[in-house]
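Examining the three-dimensional arrangement
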Amino acid sequence: TSLGFFLAVLIGAEQKSLALLILLSSIFVFFAGAGLFDYRTRKRATQKKNSSQHSSFLALLSIAPSAALILFCIVRLWAYQDHFHTRPELLDFGPKNGGLEPTNIAFDGNGLTSFGHWIQGFLSSALLLLAMEGCLILEPIALLLTFYPIYNFFKRWNLNGDTFATSSYFNNGTEWALGSLSGMAVGSFLAVVLRRRKTTIVDQHSRSSCENRSSMILQVAKCTSMIICCIMGILFWLSVIGACIFSWITWNNCFDEDDTTCVNYDNGNDPKPSVLVYLLSIPVLCCMIPIIAWVCDCNGKKQEKHEEKIRHDPETQHQKVLENEST
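For clarity, every value in this text was computed on a predicted model and none was experimentally measured.

**A word on the overall build of the protein**
Broken down by element type, the protein carries 11 helices and two strands. Along its sequence from the N terminus, the protein presents helices and strands in the succession α-α-α-α-β-β-α-α-α-α-α-α-α. Counting every position in the protein, which comprises 327 residues, the buried fraction comes to 46%. Put simply, of all contacts in the protein between residues at least 6 apart along the chain, 74% involve residues at least 24 apart. On the protein, roughly 17800 Å² of surface is accessible, and the fraction owed to carbon and sulfur atoms is 63%.

Set out below in structure tokens:
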């Protein structure tokens, strides 16, 4: 959290670049530590894992669209520097609404607002990864914290629909997205630490010590949690996909229809279809990863059940005994 605040309050160009470097380096360290601990945990694991199907579903609802938003902002910032006059080292997305000033700069010195965006993204991803390790109550809280990027999209669509591609959707979204990336790193690390400390087997019907198996309230809570997660996840996906589409539609637009002086104006040409393909490929690829993991897990579980059924089949056991006697 202190790293996010450190990044949010720094306004000098050199300081911001240094703060961003420190933040990204810390994210890498947490991810690397989580990967190392997870590898060592799996090597000596003797207990069954929680349902990875449920984890893949949660990842599809929140982690995947968060990753799509992160990549979308990176592509907008880095890949089209000449078109929008961006400065990636300063997290500057270029002039707002195509004008000369002010510019769309993430973490522009408005510390509390920027930190508010960052901490929401951080908590959303971190709590969701911890929720995958067991506690039901964290799931809807994590998904509700995706409200800001949804609100950010609909607000900019309503206020800056004609110049969405150069609106402040991107600098505000980047602040949330960097928080989300930080939360993924820290949440992954903490989740692995919690997994290592577990001493009892947790099955898929009892995913948390805070759950009461015999309570009807628990069943209602599970249904309510799933409804909230699905609604927020769908809205989150729609906001990211909508941002890609409206960015393409307004790719070359100026604030006024007759204005031709904005930095992204392209001699009256329509935006290239290839740009839309590139932008939409980001959420599509991010969506496919948890879906593939889900399918692979389902196939793996089917194979495990089939092998277990064969092991407990009397005829199979008798046949194995005969084969051993014959040898």
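**Looking at a nonpolar patch on the surface**
Taken together, the side chains of Ile227, Ile231, Ile234, Leu235 and Leu238 define a hydrophobic patch exposed on the protein surface, amounting to about 450 Å² of accessible area. Within the secondary structure layout, isoleucine 227 lies in helix H9 (residues 216-249). By relative accessible area, isoleucine 227 is classed as exposed at 51%.

**Section: the packing of helix H7 (residues 147-159) against helix H8 (residues 169-197)**
In contact at an axis separation of 10 Å, H7 and H8 are set at 180° when each is read in the N-to-C sense. Between H7 and H8, the interaxial angle falls into the category roughly antiparallel. Contacts between H7 and H8 involve Tyr148, Pro149, Asn152, Phe153 and Arg156 on the former and, on the latter, Tyr169, Asn172, Gly173 and Trp176.

**Points about the pattern of salt bridges**
Think of it this way: side chains of opposite charge can pair up when their charged atoms draw near. Under the counting rule described, the total for this entry stands at one salt bridge. Put simply, aspartate 92 and arginine 87 hold a salt bridge, and the shortest N to O gap is 2.8 Å. Arginine 87 gets classed as partly exposed once you look at its relative accessible area, which sits at 37%.

Criteria and thresholds
- Residues numbered from 1 in each chain as written.
- Predicted model: local features only at pLDDT ≥ 70, side-chain atom pairs only at ≥ 80, totals over all residues.
- Heavy atoms only, no water.
- Helix = DSSP H or I, 4+ residues; strand = E, 2+ residues; numbered from the N terminus.
- Buried < 20%, exposed > 50% of the residue type's maximum accessible area, 1.4 Å probe, protein only.
- Contact = heavy atoms within 4.5 Å.
- Areas by Shrake-Rupley, 256 points an atom, 1.4 Å probe, with all protein chains shown as cover.
- Patch = residues over 30% accessible without salt bridge, like charges linked within 9 Å, V, L, I, M, F, W, Y side chains within 5 Å.
- Salt bridge = Lys/Arg side-chain N within 4 Å of Asp/Glu carboxyl O.
- Axes fitted to C-alpha atoms, helices over the stretch in contact; angles between N-to-C directions.
- Parallel < 35°, antiparallel > 145°, perpendicular 65-115°, else oblique.

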